[in-house]
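Descriptive structure summary
Take a look at the letters that make up each chain.
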Amino acid sequence: MTQLVWFRNDLRTADNPALTAACKAKSGVHACFILTPEQWQEHDWSPARVHFVIAHANALAKELAQLGISMTFITARRFSDSIESLAQLCRDKGISRVHFNEEYGVNERRRDKQLKRQLGAEDVGVCKYRDQTVAPVGEILTQQEEPYSVFTPFSRSWKKWIDVAQPTVLPIPEAQGKPVKAARVDEIPEAFRDAPPALVKTGEDAAHDQLEHFLSERAGSYKEDRDFPSLDGTSQLSPYLANGVLSGRQCLLAARQAQGMGGNQEGLTTWISEIAWRDFYINILYHYPRVSMHRAFKTDTEALTWNEPGEKFEAWKEGRTGIPIVDAAMRQLNETGWMHNRLRMVTAMFLTKNLFIDWRLGEAYFMSKLVDGFLASNNGGWQWSASTGTDSAPYFRVFNPVTQSERFDPKGYFIRQWVPELAKLDNKQIHDPGSKGGVIPKGYPRPIVDLKESRKEAIAKFRALKD
Ligand code: FAD
């Protein structure tokens, strides 16, 4: 009657509904994690993310071993292969029930349905749990019982739900037996070996330390600092959240506790709204599976004819567009696997509006580099920037990257860090070298696009859709 917990996007022992339920059965618990490198490649996972996930799966195996739960690591090439591997594990270990927390991508949902069918035929039960969001996914609906497609009313209902439901977090389950030897993955799959140095420390404890540090030291000025990429103004918890080392509930509860203890209310309230954005996009993925099949949320925008990507796309990827803030951001992404939120919006708008290159290409490129690559948020952010998604930036409101740079990196600290060719320019020239009679430093390109003209053209193309 052994229970099996299949860990996927929930690499933690605390506040883990599937693990808690399996332990409650008190009939012995086994754990497994399946590496699916070909599927990861197909889903554009980055080397940084694969390193992060494997390091955390190893750390999780160690924690579980202390609780008397042993972990089996399996390598199956794709999701379809993982089903047979899991069925075989159930036969080998005499598993009576498999527990897992739900994932909402289309391929993940198909895989889980297929697994249920296969295990059902072998008399193994399957129990799934809603874990990824603070309010269970699908719970926050309009009065007409429809999903929200605009963030502000969603977040109002979300906050009301929290006040009524008072969500809590689950403790780490009690030990199921004597400590056992922990298994580990020693080899990173070949396609993902070349990764940037780890951005954050490994393990659940490290994630909680970072959360506490952020809440006690930085959250107070979050509202003022969060848009300035040269400041350490945001939590950088996204790799942990995207891979389930931390849950949204744990973040929410810790932030509310900090509020209760007199922490800066505005900073904390603003930060809690970011957790709501995460929940919002996961709900969109759940209710509108087309967004995970390369389709636009606003279906009329599918008629847009995007430019051929070509050399301009390569310049964008490599951070040599001649627009300093865009180049600095893209180099940060390429070198660290992370990019500041303000700059994700600036670079995404530049690609989709000024270069008029399909948002799907940008979405895939981000995913292939980000350590926090997370389908729901990445797709949501890209479709927002491209004006093809829910709640999108209206198509006529196009960020001017130079103005954004002057506003959010006024002294050029961030640009100087990532584009050293421009380090010697003064605080005015650095945002737009070569303008107003300035000279572009040797080795730095001229802008690959005219910002004003391209903006006008993009607006005209969107307007034509409406006519
Ligand atoms: P904080 O400001 O400290 O926020 C705390 C947490 O709230 C984040 O860790 C994240 O989980 C969540 N969050 C914050 N902003 C958003 C948002 N706009 N949408 C959804 N969740 C949010 N986030 C990802 O986690 N993975 C992605 O792949 C991703 N791709 C993006 C692509 C684009 C084009 C854009 C515009 C945004 C994207 N985001 C993505 C959202 C956001 O940029 C990151 O979550 C944020 O920069 C992470 O930094 P942080 O942890 O310091 O955030």
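Whatever comes next refers back to the structure up there.
The structure presented is a predicted model; accordingly, all values stated were derived computationally and were not measured.

Focus: the site of the ligand
- Taken together, 28 residues lie near the ligand, and Y222, T234, S235, Q236 and N341 sit nearest.
- Here an oxygen atom of the ligand sits 3.0 Å away from a polar atom, N or O, in the main chain of S238.
- Here the ligand has 820 Å² of accessible area as a free molecule, and 96% of this is covered by the chains.
- More than half of the atoms of the ligand fall within 2 Å of the grid points belonging to the largest pocket.
- Elements that contribute at least two residues to the shell around the ligand include exactly α9 (238-242), α11 (265-287), α14 (341-354) and α16 (375-385).
- The leading source of residues in the shell around the ligand is α11, at 6 residues.

Re the pattern of salt bridges
- Counted according to the given criterion, the structure contains 31 salt bridges.
- Notably, a salt bridge pairs E453 with K456, separated by 3.5 Å at the nearest N-O pair. Of this pair, E453 and K456 both sit in helix α19 (residues 451-466), 3 residues apart, roughly one helical turn.
- In this structure K456 comes out as exposed when scored by relative accessible area, which is 51%.
- Where salt bridges share partners, they join R8, E103, R111 and D112 into one cluster.

As for the sheet that holds strand β2 (residues 29-35)
- If you trace the 5 strands from one edge of the open sheet to the other, you get β3-β2-β1-β4-β5, paired in parallel fashion. This sheet does not close on itself; its edge strands, each paired only once, are β3 (70-75) and β5 (125-129). Neighbour-to-neighbour, the strand axes of the sheet open up by a mean angle of 25°, direction not taken into account.
- Here strand β4 (residues 95-101) pairs with β5 via 5 bridges, running parallel. Following the sheet pairing, V98 is matched in β5 by V126.

A short note on the packing of aromatic side chains
- Taken as a whole, this structure holds 27 aromatic pairs when the rule is applied.
- Taking 4.7 Å as the distance between ring centres and 0° as the angle between the ring planes, the aromatic pair formed by W40 and W45 counts as stacked. The burial state of W40 is the same as that of W45; both residues are buried.
- By the ring-pair criterion, three or more aromatic residues cluster together here, those being Y148, F151, F154, W277, F280 and Y281.
- We note R8 situated over the ring of W6; from NZ or CZ to the ring centre the distance is 4.5 Å.

Here's the deal with the layout of surface pockets
- Considered as a void within the structure, the largest pocket measures approximately 1,100 Å³ in volume.
- Residue lining of the largest pocket: 34 residues in total, with E274, W277, N341, R344 and S377 positioned closest to the centre.
- For the lining of the largest pocket, the residue count by class is 17 nonpolar, 10 polar and 7 charged.
- Residue lining of the second largest pocket: 43 residues in total, with H43, W45, E108, M367 and L375 positioned closest to the centre.
- Broken down by element, the residue count for the lining of the second largest pocket peaks at 5 residues, all from helix α5 (residues 106-121).
- Taken together, the residues of the lining of the second largest pocket sort by class into 20 nonpolar, 13 polar and 10 charged.

Quick notes on the rules
Residues numbered from 1 in each chain as written. Predicted model: local features only at pLDDT ≥ 70, side-chain atom pairs only at ≥ 80, totals over all residues. Heavy atoms only, no water. Near = heavy atom within 4 Å. Polar contact = N/O pair within 3.5 Å; in protein donor to acceptor, adjacent residues only side chain to side chain. Areas by Shrake-Rupley, 256 points an atom, 1.4 Å probe, with all protein chains shown as cover. 1 Å grid on protein atoms, 1.4 Å probe; cavity = no way out; pocket = protein on both sides within 12 Å on 5 of 7 lines; lining within 4 Å. Sits in = over half its atoms within 2 Å of the grid points. Helix = DSSP H or I, 4+ residues; strand = E, 2+ residues; numbered from the N terminus. Salt bridge = Lys/Arg side-chain N within 4 Å of Asp/Glu carboxyl O. Buried < 20%, exposed > 50% of the residue type's maximum accessible area, 1.4 Å probe, protein only. Pairing = 2+ DSSP bridges. Axes fitted to C-alpha atoms, helices over the stretch in contact; angles between N-to-C directions. Phe/Tyr/Trp six-rings, centres within 6.5 Å; stacked < 30°, edge-to-face > 60°. Lys NZ or Arg CZ within 6 Å of the ring centre and 35° of its normal. Points joined across faces, edges and corners; volume = space filled by probe spheres on them. Nonpolar A, V, L, I, M, F, W, Y, C, P; charged D, E, K, R; others polar.

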